Amino acid sequence: GNETNSCTCPNTTNCKVFQKGYILLYPFNTEYSLVCCSVLYVMWKNVGRRISHHHLPLTKPKFKLQGVVFGPLLGAVAVIIGTCVFMMYQIQATGSAPNRQVFIMYYSYYIVLLPLMSVGAVIGTIIHALEKRELDTLKNPTRSLDVVLLMGAALGQIGMSYFSIVALVATDPVDLLNSLILSYSVLLIFQNITQNVFIIDGLHRQHFMSPVKEQQMKEEQNHEGYDQRRVSVLELGQEIRKVSLSYIQSYSKLSWKRRALREISFFLVLCNIILWVMPTFGAHPVFENGLEKSFYGYSTWFVIVNFGLPLGVFYRMHSVGGLLEVYVTA
């Protein structure tokens, strides 16, 4: 470990594997510490806390992949394209110094994805405003912490984007790559803000009460019956058709507001997952493109990136949790 950290690492396979693995696992160490702090804070705030019975929900919402069609499809496309971009970037970055084209490809992907995420979050916020659900004013330490963590972790990406904007405007914003990075930085700030508003507004809404409990019980009984007997190939096709029809029926029974909220939430979940994977496993163009580093100097930009990057990774992971809760309660 000492040899690896001092860059006197001998040219052996074990040492190289440890060196590369340490870099990849570093964000997880930061996320683990932040999660532990969050859980301990919630435990501390709930000591001696009492909740009256009339504030307790009658049914606890469960995650079910119902009422979504377009969100998973668009999100899957974003994940597949992002994975291809990430793999091409990593091949270029590990083989030699990344060329200009790979940076253009990387930032172009973000420039296309971030506006879609922002538009989805804005539409979701408008739908929240049109809903008749009342705000949940009950004091909740967990929800309060979620809000603080979302806003605090977003400062990492917003801070890096701000310093990038200053550096690019002061140098040559007309250049193609510089223009892409400038657009990426502005869009990233806007996406963080709109997504935070959408999640926080959703977390403060009262849960929808399920009016189709009898139908769910019938579906569970049907599933139990299916498990108790063997099905042939023809019967399997019939069962798949029945499941598809029941999925379509459950989708059509939801109001358009609930469907839209679920579609948007699921789409944003998948987008945040791929945007978490890319920086977590080594895609760091904010440090490797050399533009901001040449403006601020190696030491200053190194400090800015080391402060903002772990917070940005944590923000994406924490956003997934918040968006899943918005999806479940919609």
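Model, not experiment: these values are computed from the prediction.

Counting its secondary structure elements, the chain contains 12 helices and zero strands. For the chain, the succession of helices and strands along the chain, N to C, is α-α-α-α-α-α-α-α-α-α-α-α. Buried positions account for 39% of the 330 residues belonging to the chain. Roughly 19200 Å² of accessible area belongs to the chain as shown, and the carbon and sulfur atoms make up 67% of that amount.

The feature "transmembrane region" (unreviewed entry), as given by UniProt, occupies residues 23–44, 65–89, 109–127, 147–169, 181–200, 264–283 and 295–315 in the numbering adopted here. Taken end to end, residues 264–283 has its terminal C-alpha atoms 26 Å apart, with 85% of it in helix and 0% in strand. Spanning residues 295–315, this segment combines 95% helix with 0% strand, and its end C-alpha atoms are found 27 Å apart.

Attention shifts here to the side chain of Ser 161. Along the chain, Ser 161 turns up in helix α5 (residues 141–170). Contact partners of Ser 161, with chain neighbours within four places excluded, come to Ser 185, Leu 188 and Ile 189.

Okay, the packing of helix α4 (residues 100–130) against helix α6 (residues 176–203) next. Across the interface, α4 lies against α6 with an axial gap of 8 Å and an inter-helix angle of 25°. Considered as vectors, α4 and α6 are oriented roughly parallel to each other. The way α4 lies across α6 gives a crossing that is left-handed. Per-class residue counts for the contact of α4 with α6 are 20 nonpolar, 10 polar and two charged.

This part is about the environment of Phe 86. Of note, Phe 86 is situated in helix α3 (residues 70–95). For the pair Phe 86 and Met 105, spaced 19 residues apart in sequence, the C-alpha to C-alpha distance is 9.8 Å. Not counting chain neighbours up to four residues away, the residues in contact with Phe 86 comprise Met 278, Phe 281 and Ala 283.

In the structure shown here, the tally under the stated rule is one salt bridge. Residue Arg 100 is joined to Asp 175 by a salt bridge in which the shortest nitrogen-to-oxygen separation is 2.8 Å. Of the two residues, Arg 100 is situated in helix α4 and Asp 175 in the loop between α5 and α6; the sequence distance between them amounts to 75 residues.

What follows concerns the nonpolar core. Membership of the largest hydrophobic core comes to 59 residues, with the highest contact counts inside it found for Tyr 107, Tyr 109, Phe 198 and Met 278. Taken together, the elements giving at least two residues each to this core come down to α3, α4, α5, α6, α9 (256–280), α10 (285–288) and α12 (298–329). With 12 residues, α4 is the single largest residue contributor to this core. Those residues in contact with Tyr 109 that sit more than four places away from it in its chain are Ala 78, Ile 81, Gly 82, Val 85, Ile 274, Leu 275 and Met 278. Counting five residues, the second-largest nonpolar core is a separate cluster that includes Val 68, Phe 266, Tyr 327 and Val 328.

To continue, consider the packing of aromatic side chains. Applying the stated criterion to the full structure yields 17 aromatic pairs. A centroid spacing of 6.1 Å and a plane angle of 65° characterise the contact between Tyr 89 and Phe 103, whose relative ring orientation is edge-to-face. With Tyr 89 in helix α3 and Phe 103 in helix α4, this residue pair connects regions lying 14 residues apart in the sequence. Classification of Tyr 89 by relative accessible area gives buried; the value is 0%. With a relative accessible area of 4%, Phe 103 lands in the buried category.

Here the chain averages 79 in pLDDT, and 72% of its residues register 70 or above. Confidence, expressed as mean pLDDT per element, reaches its minimum in the chain at helix α1 (residues 2–5) with 44 and its maximum at α4 with 93. Taken together, the stretch residues 211–218 has pLDDT below 50 and engages in three contacts with residues farther than four places along the chain or on a different chain. Low pLDDT, under 50, characterises residues 224–229; the predicted model gives this stretch four contacts beyond four residues in sequence or across chains.

Thresholds, definitions, all that
- Residues numbered from 1 in each chain as written.
- Predicted model: local features only at pLDDT ≥ 70, side-chain atom pairs only at ≥ 80, totals over all residues.
- Heavy atoms only, no water.
- Helix = DSSP H or I, 4+ residues; strand = E, 2+ residues; numbered from the N terminus.
- Buried < 20%, exposed > 50% of the residue type's maximum accessible area, 1.4 Å probe, protein only.
- Areas by Shrake-Rupley, 256 points an atom, 1.4 Å probe, with all protein chains shown as cover.
- UniProt positions renumbered as here; feature names shortened; annotations may be inferred.
- Contact = heavy atoms within 4.5 Å.
- Axes fitted to C-alpha atoms, helices over the stretch in contact; angles between N-to-C directions.
- Parallel < 35°, antiparallel > 145°, perpendicular 65-115°, else oblique.
- Left-handed = near helix turned anticlockwise from the far one by under 90°.
- Nonpolar A, V, L, I, M, F, W, Y, C, P; charged D, E, K, R; others polar.
- Salt bridge = Lys/Arg side-chain N within 4 Å of Asp/Glu carboxyl O.
- Core = buried A, V, L, I, M, F, W, Y, C linked by side-chain atoms within 4.5 Å.
- Phe/Tyr/Trp six-rings, centres within 6.5 Å; stacked < 30°, edge-to-face > 60°.
- pLDDT = per-residue confidence, 0-100.

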